[in-house]
Amino acid sequence: MSKNKKNIKVHTAVMIPADLLYEHPNNTQKQSKHEFNELRKSIAENGFDETLLVYPRDDGEAGYWVIAGNHRKRAGVAEGMAEFPCVVHNTWSAIKARI
């Protein structure tokens, strides 16, 4: 074991209903119809095995902004998923989410 052991925070995923997860308005990521269908197929065949990164909406509405995983969320909803594993970052600001 290393003498320089650090205490690194490990974030735990929580399940959040799909209807509380919103694509951030500054999201510029695009996905072709073919890529979307391939992702749907992968989720249907292999399951959903990655978390979404989210933070609480800061516009007065209930729910969370998805800052990583919008494509997976859309494909999962298309495959019938009603909730998603999410890592919630309560301290992230809209500026950090744009990075």
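Residues numbered from 1 in each chain as written. Predicted model: local features only at pLDDT ≥ 70, side-chain atom pairs only at ≥ 80, totals over all residues. Heavy atoms only, no water.

Some details on the confidence of the model for the chain
Chain-level pLDDT for the chain is 88 on average; 90% of the residues reach the 70-or-more range. Within the chain, helix α3 (residues 94–98) has the poorest average pLDDT of any element, 58, and strand β1 (residues 14–17) the best, 97. (pLDDT = per-residue confidence, 0-100. Helix = DSSP H or I, 4+ residues; strand = E, 2+ residues; numbered from the N terminus.)

Considering the packing of helix α1 (residues 33–46) against helix α2 (residues 70–78)
Close contact between α1 and α2 brings their axes to 9 Å; oriented N to C, the two are set at 65°. Like other packed secondary-structure pairs, α1 and α2 cross with a definite hand, here right-handed. Contacts between α1 and α2 involve Phe 36, Leu 39, Arg 40 and Ile 43 from the first element and His 71, Arg 72, Arg 74, Ala 75, Gly 76 and Ala 78 from the second. (Axes fitted to C-alpha atoms, helices over the stretch in contact; angles between N-to-C directions. Left-handed = near helix turned anticlockwise from the far one by under 90°. Contact = heavy atoms within 4.5 Å.)

So, the nonpolar core
Listed in full, the eight residues of the largest apolar core are Ile 16, Ala 18, Leu 21, Leu 52, Val 54, Val 66, Phe 84 and Cys 86. Where this core is concerned, the elements lending two or more residues are β3 (52–56) and β5 (83–88). In this view, Leu 21 contacts Ile 16, Leu 52, Val 54, Tyr 64, Val 66, Lys 73, Phe 84 and Cys 86; residues no more than four positions away in its chain are not counted. (Core = buried A, V, L, I, M, F, W, Y, C linked by side-chain atoms within 4.5 Å. Buried < 20%, exposed > 50% of the residue type's maximum accessible area, 1.4 Å probe, protein only.)

So, the sheet that holds β5
Overall, mixed pairing links the five strands, which are arranged β1-β5-β3-β4-β2 in an open sheet. Both outer strands of the open sheet, β1 and β2 (21–23), are each paired with one neighbouring strand and no more. Each neighbouring strand pair of the sheet contributes to a mean axis angle of 55°, computed without reference to strand direction. The pairing of β3 with strand β4 (residues 64–68) spans four bridges and is classified as antiparallel. Bridge pairing in β4 links Val 54 to Val 66. (Pairing = 2+ DSSP bridges.)

A look at the pairing of β5
Examined bridge by bridge, β1 and β5 share four bridges and lie antiparallel to one another. Looking at β5, one finds that Ile 16 is bridged to Phe 84. When β3 meets β5, the two strands line up parallel, connected through three bridges. Residue pairing for β5: Leu 52 is matched across the bridge by Cys 86.

With respect to the pattern of salt bridges
Evaluation of the coordinates by the stated rule reveals four salt bridges. For the salt bridge of Glu 23 with Arg 74, the shortest nitrogen-to-oxygen distance reads 3.0 Å. Taken together, the positions of Glu 23 in strand β2 and Arg 74 in helix α2 put the pair 51 residues apart, joining distant regions of the chain. When its relative accessible area of 35% is taken as the criterion, Glu 23 is described as partly exposed. (Salt bridge = Lys/Arg side-chain N within 4 Å of Asp/Glu carboxyl O.)

Here we look at the side chain of Asn 70
Locating Asn 70 in the fold gives a position in helix α2. With residues near it in sequence (within four places) discarded, Asn 70 still touches Tyr 22, Glu 23, His 24 and Asn 27.

Considering the packing of aromatic side chains
A complete count under the given rule lists one aromatic pair for this structure. Their ring planes at 70° and their centres at 5.3 Å tell us that Phe 48 and Phe 84 sit as a pair that is edge-to-face. Highlighted residues: Phe 48 in the loop between α1 and β3 and Phe 84 in strand β5, separated in sequence by 36 residues. Positioned above the aromatic ring of Tyr 22 is the side chain of Arg 57, whose terminal nitrogen or guanidinium carbon lies 4.3 Å from the ring centre. The positively charged end of Arg 57 is found above the aromatic ring belonging to Trp 65, 4.3 Å away from the centroid. (Phe/Tyr/Trp six-rings, centres within 6.5 Å; stacked < 30°, edge-to-face > 60°. Lys NZ or Arg CZ within 6 Å of the ring centre and 35° of its normal.)

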